[in-house]
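Spelled out from the first residue to the last, the chains are:
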Amino acid sequence: MGSLSLRTRFASSRAIFLFLLLMALLTGCEAKSEEAASASPPPPPEVEVAEVTAQPVVLSESFTGRVEAAETVELRSRVSGYIQEVAFEEGELVELGDLLFLIDPRPYQARVNAAQADLAQARSQQAQAGSEAERARVLLGRQAISQEVHDQRQSALSNARAMVDAAEAALQTAELDLEYTRITAPVSGRVGRAMVTRGNLASADQSLLTTLVSIDPIHVYFEADEQAAFASQTLLTGDASNNLNIELGGDPQRQYKGTLDFIDNRLNPNTGTLQFRAVLDNPDGRIRPGEFARVEMPVARLDQALLVDGKAVLTDQDRRYVYVVDENNLAQRRQVDTGRRVDERTVISEGLAAGDRVIVNGVQKVFMPGMEVSPQTVPAAPAADAQPAIAARED
């Protein structure tokens with residue numbers, strides 16, 4: 001009886017062991033299946049690529065300059081006298097011929113009156129001398145007077161005529177002095193502050209009354225080094241090439257288009273630079289003389305320049321490189337030599353060829369050269385027949 005019970009318990013334990021072993025084997029198989037599934041390679045990362053194209057590029061350099069008025073006038077009195085009226089608001093815009101200052105005109109009006117009287121007297125004396133000279137001519141023909149008397153009366157007529165000429169000149173001078181008591185704007189522009197105010201004495205040709213600057217158009221003067229100056233002159237031909245980009249006050253929001261209208265005739269021997277001048281339209285008067293300006297001027301032209309997005313160019317110490325996607329969609333590292341920038345793009349001088357596909361977005365997903373990627377093509381640079389881009393000097 002005891003042996004039967006022992007055999008029964010042994011058989012039951014064996015069955016349980018086999019069941020547990022079977023379950024363990026099944027669990028192991030499922031784990032291996034899951035591990036095998038998890039070990040399958042992930043899909044290649046998506047990146048954006050752009051095809052490298054060649055297009056004409058005009059290389060430019062940046063030069064610093066200053067804004068100056070096309071016309072600057074220091075107003076001074078031409079006659080002496082006391083200021084009777086200041087007829088403008090300081091800092092306002094004035095037009096050509098507007099009254100600015102009035103000097104007390106009464107002393108000069110009196111001189112005009114006196115000169116008119118002197119002229120009338122001289123003309124009366126001339127008329128009398130003319131009558132006497134005519135009578136002398138008639139009497140001389142009748143031999144009623146001597147030649148000497150005739151000559152004296154002719155001389156008196158000549159003197160009377162000279163007196164009339166002198167009186168007329170004195171009247172013109174007096175009238176000019178009277179006119180000079182009205183000091184008007186010689187040009188249209190913006191007037192400065194009044195340096196001599198009402199009731200003060202203005203001395204002729206000495207007292208500075210105010211300053212006046214023209215505002216439209218306005219000039220920008222800048223200087224270029226000798227190499228850039230002579231390189232630029234080969235491009236500065238024709239109306240289109242003379243257009244310059246000008247930034248004022250270091251503010252990117254204040255961008256203007258100017259026209260080059262003057263190149264100096266000699267280099268400055270002290271600085272080795274050549275002076276240029278650009279003209280800006282300024283109808284609203286917002287641009288003020290003395291402002292700082294940065295001028296982009298073309299200095300060279302590349303007929304076929306390779307351009308890539310600036311984000312595609314990476315740096316490894318002092319070397320620069322990009323990732324190029326080959327025909328097998330493998331990302332290959334390509335070392336490049338970079339040139340100047342055109343907006344957000346960079347000129348590539350060595351390392352790329354037209355038609356190469358360069359990764360412009362998603363380059364951070366490439367962990368090593370030769371990695372497979374899923375390229376998505378995005379628009380490339382403008383076509384080669386587009387207007388030449390302007391490339392600034394690389395920083």
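In every chain, residue numbers begin from 1 and rise along the written sequence. Selection of residues for local features in this predicted model requires a pLDDT of at least 70, selection of side-chain atom pairs for listing and counting requires 80 or more, and totals for whole chains, interfaces and linings are taken over all residues. Computation of side-chain values: all heavy atoms of the structure, hydrogens and water removed.

Asks: Describe the pairing of strand 13 (residues 255-263), with residues and values.
Replies: Here strand 12 (residues 243-248) pairs with strand 13 via 5 bridges, running antiparallel. Each residue of the ladder has a partner; that of Leu244, found in strand 13, is Gly258. Strands are labelled as partners when DSSP assigns at least two bridges between them. Numbering of helices and strands starts at the N terminus; helices are DSSP runs of H or I of at least 4 residues and strands are runs of E of at least 2. Between strand 12 and strand 13, which follow one another and run antiparallel, lie 6 residues, and Gly249 among them has a positive phi close to 65°. Direction of pairing for strand 13 relative to strand 14 (residues 273-280): antiparallel, over a ladder of 4 bridges. Following the sheet pairing, Thr259 is matched in strand 14 by Val279.

Asks: Explain the confidence of the model for the protein residue by residue, including any values.
Replies: You can read pLDDT as the predictor saying how much it trusts each residue, on a scale of 0 to 100. Summary statistics for the protein give a mean pLDDT of 83 and a share of 84% for residues scoring 70 or more. By mean pLDDT, strand 23 (residues 389-391) is the weakest element of the protein at 52, and strand 6 (residues 99-103) is the strongest at 96. Low confidence marks residues 383-387, where pLDDT is under 50. Its contacts with residues over four positions away, or in another chain, come to 5 contacts. Residues count as neighbours in contact if any of their non-hydrogen atoms are within 4.5 Å of one another.

Asks: How would you sum up the environment of Tyr180? Please name residues and give values.
Replies: Mapped onto the secondary structure, Tyr180 falls in helix 3 (residues 147-180). Partly exposed describes any residue whose relative accessible area lies between the buried limit of under 20% and the exposed limit of over 50%, with all areas from a 1.4 Å probe on protein chains only and scaled to the type maximum. The partly exposed category is assigned to Tyr180, whose relative accessible area is 24%. The spacing of Tyr180 and Tyr108 is 72 residues in sequence and 9.5 Å in space, taken between C-alpha atoms. Separated by 3.0 Å, the side chains of Tyr180 and Arg78 make a polar contact. Pairing of N or O atoms within 3.5 Å defines a polar contact, subject to two protein rules: one partner must be a possible hydrogen donor and the other a possible acceptor, and residues neighboring in sequence count only if both atoms are side-chain atoms.

Asks: Account for the sheet that holds strand 4 (residues 81-86), with residues named and values stated.
Replies: Strand order in this open sheet of 4 strands is 7-6-4-9, and the pairing throughout is antiparallel. Edge strands, defined here as strands with exactly one partner in the open sheet, are strand 7 (182-184) and strand 9 (201-202). Where strand 6 lies against strand 7, 3 bridges are found, and the strand directions are antiparallel. For Phe101, the partnering residue across the bridge sits in strand 7 and is Ile183.

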